[in-house]
Amino acid sequence: DAGVTQSPTHLIKTRGQQVTLRCSPISGHKSVSWYQQVLGQGPQFIFQYYEKEERGRGNFPDRFSARQFPNYSSELNVNALLLGDSALYLCASSFFIFNTEAFFGQGTRLTVV
Amino acid sequence: DAKTTQPNSMESNEEEPVHLPCNHSTISGTDYIHWYRQLPSQGPEYVIHGLTSNVNNRMASLAIAEDRKSSTLILHRATLRDAAVYYCILRGNNDMRFGAGTRLTVKP
């Protein structure tokens, strides 16, 4: 079975632009979460979706938004990019939202110039 | 959110056991203790999790203190491929909140 897949793997954007990152969970998994990892730090929680509904949100500005589709894939959108948004964006999928093993993708490396 | 405290870094020799500690004094009764590790240039990887009893799997063992305020991840025989950042996370009715983790260096 395929693992969690994220696209694109790398991305370079200009300050002020908008970006959309995509995530396909493991087949059968209904929960997708998004994380931002700045170099040298642990991943920071952004959003959690389960059954197409937002179930959790981290401490990120409204420029960050996400959604989950009927096939459980997900998109993370970031508007008005800032230099500080440069990071590795990780997607994790799990079967349920409580206390189950999460599987992470390889991430999307976003560079804002 | 309940927080965890881990040493910033640890070193081990190859083929020797490694004990990675984690303190979580504010753990609630419904929080599970999860461990993940992150190898360079990869996403985090699940290692093990438990609630009250010690747990074993093919990757590691998890020893949980009787009062649940601390736990220890045990790698029985460290290999060079175990060099990674190890995260101890408390997971209840919310998503995972990572700390800075422990960077494990394995020396040949």
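This report concerns the structure included in the present document. (Residues numbered from 1 in each chain as written. Chains lettered and ligands numbered in written order. Predicted model: local features only at pLDDT ≥ 70, side-chain atom pairs only at ≥ 80, totals over all residues. Heavy atoms only, no water.)

### Some details on the state of the cysteines
Residue and element names in this part refer to chain B. Test applied: The criterion for a disulfide is a pair of cysteine sulfur atoms lying within 2.5 Å. Per the convention used, a helix needs a DSSP run of H or I reaching at least four residues, while a strand needs a run of E reaching at least two, with both numbered from the N terminus.
For the structure on display, the rule yields 2 disulfides over all chains. Across the disulfide, Cys22 is cross-linked to Cys88 (sulfur-sulfur distance 2.1 Å). Between Cys22 and Cys88, the S-S torsion sits near -80°, and that sign places the bridge as left-handed. With a gap of 66 residues between them, Cys22 in strand S2 (residues 18-23) and Cys88 in strand S8 (residues 84-91) connect regions that are remote in the sequence.

### Observations regarding unusual backbone geometry
Residue and element names in this part refer to chain A. Rule in force here: Buried means the residue's accessible area, taken with a 1.4 Å probe over protein chains only, is under 20% of the maximum for its type, while exposed means over 50%, and partly exposed covers the values in between.
The residue after Ser7, namely Pro8, is reached through a cis peptide bond having omega -10°. You can see Pro8 is positioned in the loop between strand S1 (5-7) and strand S2 (10-13). Within the chain, Tyr72 stands out as a residue other than glycine whose phi angle is a positive 75°. Of note, Tyr72 is situated in the loop between strand S7 (64-68) and strand S8 (74-78). With a relative accessible area of 19%, Tyr72 lands in the buried category. In the Ramachandran plot, Ala80 falls in the positive-phi region, its phi being about 45° despite a non-glycine side chain. Counting through the fold element by element, Ala80 comes out in the loop between S8 and strand S9 (87-94).

### Notes on the side chain of B:Ser71
Residues and elements named next belong to chain B. Defined as follows: When checking whether two residues touch, look at their non-hydrogen atoms; a contact exists if any pair is within 4.5 Å.
Within the secondary structure, Ser71 is located in strand S7 (residues 70-75). Judged by relative accessible area, Ser71 falls into the buried class, the value being 1%. Excluding residues that lie within four positions of it along the chain, Ser71 makes contacts with Leu20, Pro21, Cys22, His24, Ile33, Trp35, Leu62, Ala63, Ile64 and Cys88.

### Focus on the pattern of salt bridges
Where we set the bar: Here, a salt bridge means any Lys or Arg side-chain nitrogen found within 4 Å of an Asp or Glu carboxyl oxygen.
On inspection of all chains with the given rule, the structure shows 9 salt bridges over all chains. Where B:Arg77 meets B:Glu15, a salt bridge forms, and the shortest distance between an N and an O atom there is 2.0 Å. Here B:Arg77, found in the loop between S7 and S8, pairs with B:Glu15, found in the loop between strand S1 (9-13) and S2; they are 62 residues apart in sequence, far enough to count as distant. Residue class for B:Arg77 comes out exposed when judged on its relative accessible area of 55%. B:Arg37 is the partner of B:Glu45 in a salt bridge, and the nearest nitrogen-oxygen pair spans 2.9 Å. A residue is classified by how much of its surface remains accessible, and B:Glu45, at 32% relative accessible area, is partly exposed. If you follow the salt bridges from partner to partner, you end up with A:Arg22, A:Arg67 and A:Glu75 in one network.

### Observations concerning a nonpolar patch on the surface
All names here are of chain A. Quick reminder of the rule: Surface patches are defined over residues having more than 30% relative accessible area and no salt bridge, joining like charges when they lie within 9 Å and nonpolar side chains (Val, Leu, Ile, Met, Phe, Trp, Tyr) when within 5 Å. The protein chains shown are the only cover counted for residues, whose accessible areas, like all others here, come from Shrake-Rupley with a 1.4 Å probe.
Taken together, the side chains of Phe95, Phe96 and Phe98 make up a nonpolar region of the molecular surface, amounting to roughly 270 Å² of accessible area. Counting through the fold element by element, Phe95 comes out in the loop between S9 and strand S10 (103-104). A relative accessible area of 49% means that Phe95 is categorised as partly exposed.

### A look at the interface of chain B and chain A
Using the following cut-off: Buried area is calculated as the accessible area (1.4 Å probe) missing from two parts once they are joined, with the contributions of both summed. Side-chain atoms alone can form a polar contact between residues adjacent in sequence; in general such a contact is a pair of N or O atoms within 3.5 Å, and within protein one must be able to donate a hydrogen while the other accepts it. Amino acids outside the nonpolar list (Ala, Val, Leu, Ile, Met, Phe, Trp, Tyr, Cys, Pro) and the charged list (Asp, Glu, Lys, Arg) are all regarded as polar, and Gly is one of them.
With 21 residues of chain B at the contact, the number on the chain A side is 23 residues. At the boundary of chain B with chain A, total buried surface from both sides reaches about 1600 Å², with 47% on carbon and sulfur atoms. On the chain B side of the contact with chain A, B:Arg91, B:Asp95 and B:Phe98 bury the most area, a combined 30% of that side's loss. Between the two partners, chain B and chain A, sit 0 salt bridges. Between the two partners, chain B and chain A, sit 4 residue pairs in polar contact (both at pLDDT 80 or more). Within the residue set of the side of chain B that touches chain A, elements represented by two or more residues are strand S3 (32-38), strand S4 (45-50) and S8 of chain B. Per-element accounting of the side of chain B that touches chain A gives the leading share, 4 residues, to S3(B). The class makeup of the residues in the side of chain B that touches chain A is 7 nonpolar, 11 polar and 3 charged.

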